[in-house]
Every structure is written in C-alpha cells, then in structure tokens.
Amino acid sequence: MLQPAMDRVKSSMQQVPNAIPKVIRRTGGANSLELERENFERGQAVSINKAINTQEVAVKEKHARTCILGTHHEKGAHTFWAAVNRLPLSSNAVLCWKFCHVFHKLLRDGHPNVIKDSMRNKADLADMSRMWGHLSEGYGKLCSIYLKLLITKMEFHIKNPRFPGNLQMSNRQLDEAGENDVNNFFQLTVEMFDYLECELNLFLGVFNSLDMSRSVSVTAAGQCRLAPLIQVILDCSHLYDYTVKLLFKLHSCLPADTLQGHRDRFQEQFKKLKSLFYRSSNLQYFKRLIQIPQLPENPPNFLRASALSEHISPVVVIPAESSSPESEHVVETEDLVDTDVPSLPAPPEVKFDDLFGTSAAIDPFNFNSQNGMRKDDKDRLIEQLTREIQALKEELESFRLESGRLCQALRGRVNELEAELAEQSHLRLQAAGESEFLKAELDDLRRAREDTEKEQRSLTEIERKAQANEQRYTKLKEKYTELVQSHADLLRKNAEVTRQMTVARAAQDEVEAVRREMQEKVKSAQEAADRQEREQVKQLQELQRELVSTQTELDSLKTTMASSQQSSEVLGTQLVALESEKAELVQTLSKVEVELAVQGEELQRVQSSLATERESGVKTAEALQNQLNEKESREQALESQLVAARWSSLQGAVEEAERIIQDSLSQIDDPAHISCTSSADYLASRCQASLNSMERLQSASEAFLADNTAVLELVRVVTQCGHLVGDTIVQGSATSHMVPVEQADALSESVKTCGSEALALLGQMKQQDSLAAADSGKLRAALEAILTTAEKLRPRGLELQQGELGDLVEQEMAATSAAVESAAARIEEMLNKSRAIDTGIKMEVNERILASCTELMQAIKELILSSKDLQRDIVESGRGAASMKEFYAKNSRWTEGLISASKAVGWGATVMVDAADMVVQGKGKFEELMVCSHEIAASTAQLVAASKVKADKDSANLHRLQQASRGVTQATAAVVASTKSGKSQIEDTETMDFSSMTLTQIKRQEMDAQVLVLELETRLQKERERLGELRKKHYELAGVAEGWGEEEEGTG
C-alpha cells in the first residue's frame, strides 16, 4: 500500500518541474488583459457546456465549482448568462433541468452580484416556466416548478438584501434584518412561508416523478433528478429554523389570535418537510453525499415562550468525501496547465537503488570496483543480502498489514470524532443561540429600563409643562372673561342707546302724526264752513231775486188794477179775480217774508257758529303749535343726548380695541409666549383679514362723518379690527419662533410697528376733532409688510395653480352630483329587485329603508344645487374685476375646504348605497347604514358651513341652502328611524326558545353570555378610545387642508 503512494509522489515530483515552466511561459506570453479575458470566457464556456448538457446524468461537482469560481473572479454573472443565453433551454427539458441546478448553486455559493445580474432575465425565466408548465409529466413539469422556485428566491433576496444566497445568518443578523419592527418581522415571515412553499413543491414534484418501488437513486436518470434536492435541503433547513425563531418573536409582540393563520400555515409546512426529510434520508444516493437532519416529533408550541429554548436548529452535514475538494483542485489545476505537452516517462522502478542509493563511489557493494575481494565473498554477501531483503520484505508486509489495521482503526476513530465534533458543533450552535437569545432579552430589558426612565423624565417634564400651561390658561381665561364682560357692557350700552333712539323717533313720529291730523281737521273744518257759507249766500241771493221779481209783479199788478178801475165796467169780473189773486199773492208774500225772516235767523245762527268754530280752531291750532314746539325742543335734547351716547359708545369701543392691542403687545414680551408657535400660512390669513377690516374701518369712518347715526357699524368694525390686529400681532410673534433669527427679528420688528401704529390710529379716533384727520395708511402699510413677510415664509410647492384650483372646484362639485345621481339610481334598482324577490316583513322593511334613502338622495341633490347657486353668488359678489379662477386662488383655504366637503358628501352617498345594498341582501348590518346616515349629515353640514362662510346673510340662495340642509337632516333622521324600526321588526321575529335546554346547558349558555358581554364591553371601550384618537388625528390633519383659518376670518 505504501509503495504505490511513494511511486505517485516520485512521479509527481518529476512531472511538476517540467509542467510549471510551461504554465509560466504561456502566462508570460499572454500578458494582455484581452487575452486573459478571452481565456477566462473560453474556460467558463467549456465548464458551462460540460455542466449543462442533454445527458440525463447528475451535474459534476467540478464543473459547477468552476462556474462558481468564475462568478467570484469577475464579480458577477455576465459571462454565465452570455453562455446560457446561447443554449436551447426551451427545446430540451433535461438541458433546462440541469441549467436550473447549476443556476441554483450559483445563487447559493456564487458572488452576491449574481442575484442582481440575474434579475434582468427574470421575465425570460417566467415565460420559460409558463411554457414548461403546459406539460403534465416528466422534466417539463419539474422545470416549471424549479423555475418558479428560482424566481421566488431572487425576489426574496432582492427584497431582503441582508440575507446571503446560502441563507446562513446569525441570530443578531436575523434581528437586524427586521430592524426591530414587528411589521417587518410579520412581512418577512410571510415571505419565508412563500419561499419554503416553493421549495416543498419542488421536493414533492421530484418524489412524485420517481418510481420509489425501485432503486432509482442508484441509476443515472434518478440521480439527475435527485441531485438538485441537496440545494433544496440546505435552503429548507435554514428557512425552517428562521421561521421558528421569527414566529416566537412575533408571538412575544402580537396577540395569538392575530397569528393564527401563521401557525396553521407553519403546521402544514412542518408536516410536509418532516415527511420529505424522512423519505430523503432513506435514499441510498443521499446517504453518501449529505447528512439530513431529523425534525422533532411535534412542532414547536409558539404559545409558550419557553419552548424557544427547546428548539434545536437543524444542521445539514456534507461529508468531505462527497465533495473531494483536493482532487477537484488538482483536476482544475491540470485543466489550467497546457495538456498538449507530453509528460516525461517515469524512470524504471529500481527497488535496490531506492533503498540503498546509486552512487558508485560510496557503494560498498560494488564488487567490480573492489579488486581485493574474492568470488566466494561476493556470493556470500549476495546470499546474505538476499536473506536480509527477504526479511525486510516480510517485515514490510507485516508493517503494511499493521498500517492497514491501524488505518481502519484510525478511520473508525475519525468517524467517531467527526460524529462527536458534529454533536459538539450542534451543541455549540444551540448554546450560541441560547446565548444570543439571552443577550437579546438582556438588551430588551436594558432598553425597557432606559425607556421607562425616559418616560418618567418625560412624564415629569410633561406635568411641569401642563402646570405652566394650566396657569397660563387660567390667566388667559381671566383676561378673556374680562374682555367678554366689557364687550357685554358695550353691547348693553349700545342696546340702551338704540332703545332711546327708537323711543325718541317714535315720539317724533307720533308728534308729526298728531300735527298732520290736526292740520287736516282744521283744513276740513274751514272748507266745510266756507262751503256752507257760500250755499247760504247763494240761497239768500235767490230769495232776494224772487222778492224783487215779486215786487215787480206787484207793481205791474197795481198798474193793471189802475187801468182796471178805469175800465171797471169792462173788467168787473176780472177785478174780482184779481182781488182774489191779490189776496193769494199777499198770503204768498207774507209766507215768503216769514221764510226770509227764518232764513235770516238761520243765516245769523250759522254765521255765529262759524265764528265760534273759527275761534276754537285757532285756539286748537295754537295749542297744537305749542305742543309741537315742546316736542321739537325735547327732540333736540334727546338728539343731543343721543349724539353724546353715540360718541361715548364709540370711545368705549376704541378704548376696548386699545386694551386688546396693548394686551397682545404685552403677550409677545411674556416669557411663556416663547413656547407658542404658528404657521406662516395662518399668519397670512390673519393679516389679510386685518387688511379687509381696515378697509371696512375706513368706509365706516367716512359714513360716520357724513351721518353720525351710522355709529353702530363703526363700533362693530373698530371692535373687530382691534381683535384681528391683536391676533395678527400674537400670531406674528408666534410665527417668528419658527423661522431663522434674521427673519424672526424682522418679523418681530414689523409686529411691534404694527402695534404702535394701531395704537396711534385709535388715539386719533378717540378725539372728536381729530377723527376726521385719522389716517389708517401707516397701519395698513405695517400690515402689508407683515403679509409680505408671511408670504415669503410660506412653504412653496403646496398650492395649486389658479386654473387647476378653479377647475378642481367645478370637477369636485360635478363628481359629487354624479355620485349622488348614481346612488339614487342604484337605490331605485335595489328597490325594484327587492320587490321582485322579497316578500312579507323583509320586503316591507326593505321598501321602507330604500324609500327613506331615496328621499335622502333627493334632499342631498337639492342641497348640492343650492350650494352651487350660493357659490356662484359668492364668486360674483366677491371677485370684483378678477376672474372666477383668480377668486378661487385668492381664497384657496376656503376653496380647499369646499372641495373637501364636496368629496365627503359624494363619498358618504356611495358608502351609504353600498351599506343599503348589503342590508337588503341580508349580508350587512343595520348599524352600518345608521352610521353612514350620520356621516352624510355631518358631510352636508360641512358643505353648508363651507358654502356659507363668505355668503351674505340676507342672500336668498343662503336661505335656500339652509332650508335644503334642514331637509337633509330630516331625511337622515328618517333613514335612521326606518333602519331602527326595520331592525327591531326583524329581530322580533327571531324568538329565543329555551324550552328544550337542561339546567346545565342553560347555566353554560349564561356563562358564555356573560363572557361575551365582558368581551364586548372591553372591545367597546377600546373602540371608543380608538374613535376618539381617530377624530383627534382627523381634526389635526384637516385643520389646514379644509381652510378653517378662512372660516374663522369669515365668521369674525
């Protein structure tokens, strides 16, 4: 046994001196980088073609090792993919299978850049997997599964770059991979489950494709299919170990119910992996190549934290004989050396020379050179030497047998030591894992203690700040109470003055009415007396004319009688007649005289009564004139008192505004104000509101100077201006705490200048003689300077363009209208479907609920139309010469609030329809529909509030909008009432029957009900707290986005 080894050593010593110079000569001749690159690519191509071929045999380890070394040499996989892309992988399933095996080895043991370089071919691998997936058996199906595994492996390592290709990591590195975030650990566990699922699918696919009734593991075809499973076993052992550790970590942070799905999936994969490991360990092929670990009988109990210490990480042992790295290295070296040069022949075996040397000068047994020796001595020496040689051969044979026995014993001892070493390594790894676990627990305890100390310190600091804030709040509350009291006093004074003015005006109106009434009575009496006098004069003239005519007739009669006496004889008969007629005329004349006397007396009486009435009318007119003079004097006194009251109320408002501004100036010097901060955006809105109030102050002052009765508007504007300017001063100082020092100093100086100019303007307005000369230009300039500074400090890039903002308003309102129309159509469709399908109580309940939902949609539609009309009025009245888009851009906060409210209305309508659909189908909850109804009411209220911020209070469209809002509220209440009624009506049909239950069952049900009640109460408390936090966070996030600053400006 020793002789052949000595011969091989000797031959190698004779061959190496001749081969090495050849390599050196070739290396020296190819000194250029291009030639080295060409030789490298040629060698890699040869190894790849030898490893990946169409022969159904396992891939040789030396060829795969050459490919792996090539990736480390070029630090990537460009050469590998350049060679693979020339192979017909899509036409030969065996070729594709062996490619997957080699590629799996490169992903595990190759350079880390192999994964990155291979991601470029991910799409091609996926297409190839789908192509081979059409085959239901043979290598085609296995290639499809293997390619899916390789794609999953690449995606896993790209998402988690901390994991190396061979998945070998320490516990600390595993903790660092999750970055101490439970969400990352949760996601990492899911990805490992998917990874391990692909590995198990390949495992099962290979076993299902083999006929396990025969010894397929000793055939070349069987080994070709089984060889890649060595890489799969290595991956599965690490994935199983990491999954167990991550699940224990997750169970220490999350509730057990949350991880129920993880545990179920682990149980399933544990059973498959244990079965596959057991079946693999029984195959003859794996026994000489790999030592497969055995998993425990039962899976770990993750609900018990101490079970982690019982977990033993599976260790896969690959014996050294299976890989033979020394022999492979020799082969690779021989491949790199030029094999075209023939090796020198080995010298003949000369055992004698090997034992005793060949030098003739020092050879004592060279008998030809010793002349003094005889022939007999030579023969004797030869025989002696022959015997010694024979003895040496026997001794050598005994040595060989002894060495063989010792080698066998040593091999047995080596195997025992290797087993002990593996066991010690396993124990060491287990101890290291426990040590890492204890260190991690110790670190967690230290961090927890540090966090507790920090929380205690922060709690103390928070309590101190809370006390300071409480004291400051108390002071502010007292000042606010004083301001409210003074404001209330001013309002009461203003109301008293207004009441006195109203009384004075009423008295004046009453005097004017009485005076007009008396003048009308006197005028009517005079006209009646004149008219009666004219009638009496007319009657008297008529009587006088009749008397004259009668006297004329009497004179004619007398003449006629005289002539009659002359002719008495002729006219005797006529005389009698004339006498009788005369008598009649005399009687008539007497009657007329009596009537004239009566009429004369009547005329005298009328004249005397008329004179009396004239005298009484004059006296009444004088009395009324005296009363009117007294009223005018009293009215002048009241007017002077009213003017004094107006001026006193104006002075009170000016003094109140001065106190507000002085209080704001004193606040910016208060040390407690240093902790207050504000945004430049809100400061700009306050400045703009102050400038608008200054314009109203100027117009109100001019109106008061023109007519001192317009003091009420001036008092209101002065008070509002004081509040807004004071707020601007406070917000400007608070904003200066959030900006750089230079800008903060400039802003603080502008704020103080604004305060001083405001006090100067109010000082001028306090004096009646200087009110007309009061100029607000300096205060307006100071406010514009603050506004300019705030505009510079506002964050850029957050505002929409003018066209975009204006278009967005129209788009959102149109989208809201479309959403409401679609919701109404869906409700109508659901109503028709319910009538066709449902019957009885369910149909009645569904019809009532859907009818109330339809009424709500109609009310929302009316509200949106009213809101559009009101917005159009607001834009037309407020934009002036600017366009509609410029108006929306100028009032961006109000516009954003309007957009947000429109979105909320449309979203609420869609969600309510979905909830109603689920309720009608019997899959939803009535409570969801009620919550949706309340949410719609809140959203419509938000839309109304956003619409009426800038509206005129006397606008007809505003009244329509408010009426539509009340209609939405009533419709929402109707939806809630119909939902509650339907729920109670349906629940009444579900009677509880306990007649068939025993006492034990009833007691058990009672205990379960109590447990459920306690759980629901706990859950209700948690959900209420969560709802409170959600509302608080929503209020914080929506504060700026929905333009509340602009709303405060509008209401102020």
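Residues numbered from 1 in each chain as written. Predicted model: local features only at pLDDT ≥ 70, side-chain atom pairs only at ≥ 80, totals over all residues. Heavy atoms only, no water.

Draft legend 1. Summary view of the overall build of the chain. Of regular secondary structure, the chain possesses 31 helices and 0 strands. The buried share of the chain, reckoned over its 1052 residues, is 34%. Across the chain, every contact between residues at least 6 apart in sequence was considered, and the portion connecting residues at least 24 apart equals 80%. Only carbon and sulfur atoms are counted for the fraction: they give 54% of the accessible area of the chain, which is about 63,100 Å². (Helix = DSSP H or I, 4+ residues; strand = E, 2+ residues; numbered from the N terminus. Buried < 20%, exposed > 50% of the residue type's maximum accessible area, 1.4 Å probe, protein only. Contact = heavy atoms within 4.5 Å. Areas by Shrake-Rupley, 256 points an atom, 1.4 Å probe, with all protein chains shown as cover.)

Draft legend 2. A look at the environment of Gln539. When you line up the elements, Gln539 lands in helix α18 (residues 375-566). Residue classification places Gln539 among the partly exposed positions, given a relative accessible area of 45%. Separated by 60 residues in the primary sequence, Gln539 and Gln599 have C-alpha atoms spaced 8.9 Å apart.

Draft legend 3. Layout of the nonpolar core. If you look at the biggest cluster of nonpolar residues, it comprises 94 residues, and the most contacted ones within it are Ile52, Phe80, Phe99 and Phe163. Top element by residues in this core is helix α12 (residues 229-251). It accounts for 14 residues. Each residue touching Phe163, except ones within four places of it in the same chain, is listed here: Phe156, His157, Met169, Leu174, Ala177, Leu188, Met192 and Tyr242. With 43 residues, the next largest nonpolar core counts Ile661, Leu683, Val717 and Leu779 among its residues. (Core = buried A, V, L, I, M, F, W, Y, C linked by side-chain atoms within 4.5 Å.)

Draft legend 4. Summary view of the packing of aromatic side chains. Across all of its chains, the model carries 18 aromatic pairs by this definition. The interplanar angle of 75 degrees and the centroid separation of 5.7 Å between the aromatic rings of Phe80 and Trp81 together place this pair among those described as edge-to-face. Both rings, one in Tyr285 and one in Phe286, keep their centres 5.5 Å apart while their planes meet at 65 degrees; by these two values the pair is edge-to-face. Under the relative-accessibility criterion, Tyr285 is labelled buried at 7%. Residue Phe286 is classed as buried on the basis of its relative accessible area, which comes to 1%. The rings of Tyr240, Phe248, Phe266, Phe270 and Phe302 are connected pair by pair, giving a single aromatic cluster. The aromatic ring of Tyr139 is capped on one face by Arg225, whose charged end is 4.4 Å from the ring centroid. Over the ring of Phe185 we find Lys249, and its NZ or CZ is 5.5 Å from the ring centre. (Phe/Tyr/Trp six-rings, centres within 6.5 Å; stacked < 30°, edge-to-face > 60°. Lys NZ or Arg CZ within 6 Å of the ring centre and 35° of its normal.)

Draft legend 5. Structural detail: the pattern of salt bridges. Across all of its chains, the model carries 25 salt bridges by this definition. Connected through salt bridges with shared partners, the residues Arg37, Glu41 and Glu74 form a single ionic network. (Salt bridge = Lys/Arg side-chain N within 4 Å of Asp/Glu carboxyl O.)

Draft legend 6. Main features of the packing of helix α5 (residues 93-109) against helix α8 (residues 138-159). Axis separation between α5 and α8 bottoms out at 9 Å; the angle between their running directions is 20 degrees. As far as their axial angle goes, α8 and α5 are roughly parallel. Relative to α8, α5 is oriented so that their crossing is left-handed. Of α8, the residues touching α5 (which contributes Ala93, Val94, Cys96, Trp97, Phe99, Cys100, His101, Phe103, His104, Leu107 and Arg108) are Tyr139, Gly140, Leu142, Cys143, Tyr146, Leu147, Leu149, Leu150, Lys153 and Met154. Partitioned by chemical class, the residues of the contact of α5 with α8 number 16 nonpolar, 3 polar and 2 charged. (Axes fitted to C-alpha atoms, helices over the stretch in contact; angles between N-to-C directions. Parallel < 35°, antiparallel > 145°, perpendicular 65-115°, else oblique. Left-handed = near helix turned anticlockwise from the far one by under 90°. Nonpolar A, V, L, I, M, F, W, Y, C, P; charged D, E, K, R; others polar.)

Draft legend 7. Examining helix α2 (residues 33-51) more closely. With 19 residues, α2 should cover 27 Å at 1.5 Å per step; its first-to-last C-alpha distance of 27 Å lies within 8% of that length. Three or more residues of α2 are buried, namely Phe40, Gln44, Ala45, Ser47, Ile48 and Ala51. For α2, the elements touching its buried residues are α3 (61-74), α4 (78-84) and α5. (Expected span 1.5 Å × (residues − 1).)

Draft legend 8. Structural detail: helix α28 (residues 926-948). An ideal rise of 1.5 Å per residue puts 33 Å on 23 residues; α28 measures up with 33 Å between its terminal C-alpha atoms. If you check which residues of α28 are buried, you get Phe926, Leu929, Met930, Cys932, Ser933, Ile936, Ser939, Thr940, Leu943, Val944, Ala946 and Ser947.

Draft legend 9. Structural detail: the side chain of Gln269. By the secondary structure assignment, Gln269 is in helix α13 (residues 260-281). A distance of 3.0 Å separates the side chain of Gln269 from the backbone oxygen of Phe193, its partner in a polar contact. In this structure Gln269 touches Phe193, Leu196, Glu197 and Leu200, once residues within four positions along its chain are discounted. (Polar contact = N/O pair within 3.5 Å; in protein donor to acceptor, adjacent residues only side chain to side chain.)

Draft legend 10. Molecular detail of the packing of α3 against α5. Remark: α3 packs on α5, axes separated minimally by 10 Å, with the N-to-C direction vectors making an angle of 45 degrees. As far as their axial angle goes, α5 and α3 are oblique. The hand of the α3/α5 crossing is right-handed. For the pair α3 and α5, contact is made by Glu61, Ala64, Cys67, Ile68, Thr71 and His72 and by Lys105, Leu106 and Asp109, respectively.

Draft legend 11. Examining a negative patch on the surface more closely. Side chains of Glu450, Asp451, Glu453 and Glu455 sit close together on the surface and give a patch of like negative charge. Take Glu450: it is sitting in helix α18. (Patch = residues over 30% accessible without salt bridge, like charges linked within 9 Å, V, L, I, M, F, W, Y side chains within 5 Å. Lys, Arg positive; Asp, Glu negative; His and termini not counted. Charge placed at Lys NZ, Arg CZ, Asp CG, Glu CD.)

Draft legend 12. Examining the environment of Ser306 more closely. The topology assignment puts Ser306 in the loop between α14 (284-287) and α15 (320-323). Here the side chain of Ser306 touches Arg304 through a polar contact of 3.1 Å, side chain to side chain.

Draft legend 13. Examining the confidence of the model for the chain more closely. Chain-level pLDDT for the chain is 76 on average; 81% of the residues reach the 70-or-more range. Counting interchain partners and residues more than four positions distant, the pLDDT-below-50 stretch residues 321-373 has 32 contacts. Confidence drops under a pLDDT of 50 for residues 796-803, and excluding neighbours within four residues, the segment shows 8 contacts in the predicted structure. (pLDDT = per-residue confidence, 0-100.)

Draft legend 14. Main features of the side chain of Ser664. With respect to the element layout, Ser664 can be found in helix α19 (residues 572-668). Looking at Ser664, the relative accessible area reads 5%, which means it is buried. Ignoring any residue separated from it by four or fewer positions in sequence, one finds Ser664 in contact with Gly726, Ile729 and Val730.

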